[in-house]
Amino acid sequence: MAKYTKEDIKRIIDEQNVAFIRLQFTDVFGNLKNVAITASHIDNALNNKCMFDGSSIDGFARIEESDMCLHPDLDSFLIFPWNTEQGKIARLICDVYRTDGTPFEGDPRYVLRRAIKEAADMGYSVNVGPECEFFLFQSDENDLPTTLSHEKAGYFDLGPVDLGEDVRRDTVITLEEMGFDIEASHHECAPAQHEIDFKYDEALPTADNVMTFKLAVRTIANKHGQHATFMPKPKFGMAGSGMHLNLSLSKDGENIFQNAEDEYGLSQEAYYFIGGVMKHMKGMTAIMNPLVNSYKRLVPGYEAPVHIAWSAKNRSPLIRVPAVRGAGTRIEIRNPDPSANPYLAIAVAIHAGLDGIKNKITPPAGVNRNIFEMTAEERKAAQIESLPDNLLEAVEELEKDELVKAALGGHIAPLYVSAKKREWKEYASQVTAWELDRYLYKY
């Protein structure tokens, strides 16, 4: 059932003195974009008449076919709680369409919609719960971000040791004003690192919520004179930030991953889903861990998973089955980081899991010991593979995986591969401070 009608939105804009409306969409690489209009042009927006130049957005369209239309999702209407003197600001999240009325295949939201439809065609709805981590750093005298922080807090510390407590609390209050159901917030293991968890939802609203969450976190941090970053590994020698994804499937309102008779409380569909995710994990890594920097997080010793295995008993494998059972039964994919495009990351995870169900892919036995303490020989004997070591290897694995490429679609897949190979090449050609420190004097 629709939450808002066009008339509802126009009435609220008038009653709440909304001056500007952001028509938001997300590019292929997970960057939030918008076309801003004044309230006097809301009719055009609500009737899908607002257009933009798609050739100006990296990964969208060629200049010969650049005109794109924004189709607002009415249920995404939201007034931002940070007010301005000129009037309130609202937003509508939009789907991107071509001028002929067909969905644009380069729109990440469309990619996720296709994954949701595949699940629906099999009788399933998909619930997703993300766990987003981030760092709070100081800004300099020019309001530019640094990686400096005076705090030394760790897991679950509180003020005055946790110097980011005020920012985190204000962020939680703001998010709740925006309609988020915040389940928990706490300091993470690294100094200046934080986590705020919001309640799971269906796949598309969850991806929308991740984009809104990141915008709100950075906005509130900025009001406190700090910079919030979702960069996976901003500092050497400290843990990086993850965005674990918790997924479950429902049919007729019932969680189909649960089975009280099973040793681990899991249904056969849950096992197959795990099997599909494990089969395609290497191919999905470039989507879930999309930056050169992502692979600085995926190293042993900092809790980030690097081994493709699953467990219902410990947190070292890449796929974990949390202890809660019944309606809360789910699988947790632990390698994604918050730089990932949530629409694409969730979409490929859904396709991979459904492939497991359709083709009855049985996963290997769960690993109930700490994988990081196993020797290389023990991991090899247990047939435990590892994630790609760097972005280039991950992109090459994506190129091999036909299902992941099909999930992304014929527009995004080749474009994404090309862009990420270019990113790797640029990185590999840099002369870094590490190289200068190591080689300049010696050679």
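Everything below is about the structure printed above this text.
Residues numbered from 1 in each chain as written. Predicted model: local features only at pLDDT ≥ 70, side-chain atom pairs only at ≥ 80, totals over all residues. Heavy atoms only, no water.

Student: So what's going on with the pairing of strand β3 (residues 50-53)? Residues and values would help.
Tutor: Side chains Cys50 and Phe52 of β3 all project onto a buried face; the interleaved residues Met51 and Asp53 project onto a face where none is buried. Here β3 pairs with strand β4 (residues 67-72) via 4 bridges, running antiparallel. Its bridge partner lying in β4, Met51 is registered against Cys69. (Buried < 20%, exposed > 50% of the residue type's maximum accessible area, 1.4 Å probe, protein only. Helix = DSSP H or I, 4+ residues; strand = E, 2+ residues; numbered from the N terminus. Pairing = 2+ DSSP bridges.)

Student: Got a sec to walk through the state of the cysteines? Specific residues and values, please.
Tutor: The final tally for this structure, using the stated rule, is 0 disulfides. The closest cysteine sulfur to the non-disulfide-bonded Cys50 is located on Cys94, 7.9 Å from its own sulfur. (Disulfide = S-S within 2.5 Å.)

Student: How would you summarise a negative patch on the surface if you had to cite specific residues and measurements?
Tutor: Residues Glu176, Glu177, Asp181 and Glu183 make up a contiguous surface patch of negative charge. Its location among the elements puts Glu176 in helix α4 (residues 165-177). Residue classification places Glu176 among the partly exposed positions, given a relative accessible area of 45%. (Patch = residues over 30% accessible without salt bridge, like charges linked within 9 Å, V, L, I, M, F, W, Y side chains within 5 Å. Areas by Shrake-Rupley, 256 points an atom, 1.4 Å probe, with all protein chains shown as cover. Salt bridge = Lys/Arg side-chain N within 4 Å of Asp/Glu carboxyl O. Lys, Arg positive; Asp, Glu negative; His and termini not counted. Charge placed at Lys NZ, Arg CZ, Asp CG, Glu CD.)

Student: Break down the environment of Thr171 for me, with residues and values.
Tutor: Along the polypeptide, Thr171 turns up in helix α4. For Thr171, a relative accessible area of 2% translates into the label buried. Separated by 150 residues in sequence, Thr171 and Val321 place their C-alpha atoms 29 Å apart. Leave out the neighbours within four places in its chain, and Thr171 touches Ile196, Val217 and Ile220. (Contact = heavy atoms within 4.5 Å.)

Student: For empty space enclosed by the protein, give the residues involved together with the corresponding values.
Tutor: Overall, the coordinates contain 1 cavity of 30 Å³ or more when judged by the stated rule. Looking at the largest cavity, the residues that line it are Gln24, Phe25, Thr26, Leu32, Ile93, Cys94, Asp107, Arg109, Asp208, Met211, Thr212 and Tyr343. Elements that contribute at least two residues to the lining of the largest cavity include exactly β1 (18-26), β6 (88-98) and α5 (203-223). A class-by-class count of the residues in the lining of the largest cavity yields 6 nonpolar, 3 polar and 3 charged. (1 Å grid on protein atoms, 1.4 Å probe; cavity = no way out; pocket = protein on both sides within 12 Å on 5 of 7 lines; lining within 4 Å. Points joined across faces, edges and corners; volume = space filled by probe spheres on them. Nonpolar A, V, L, I, M, F, W, Y, C, P; charged D, E, K, R; others polar.)

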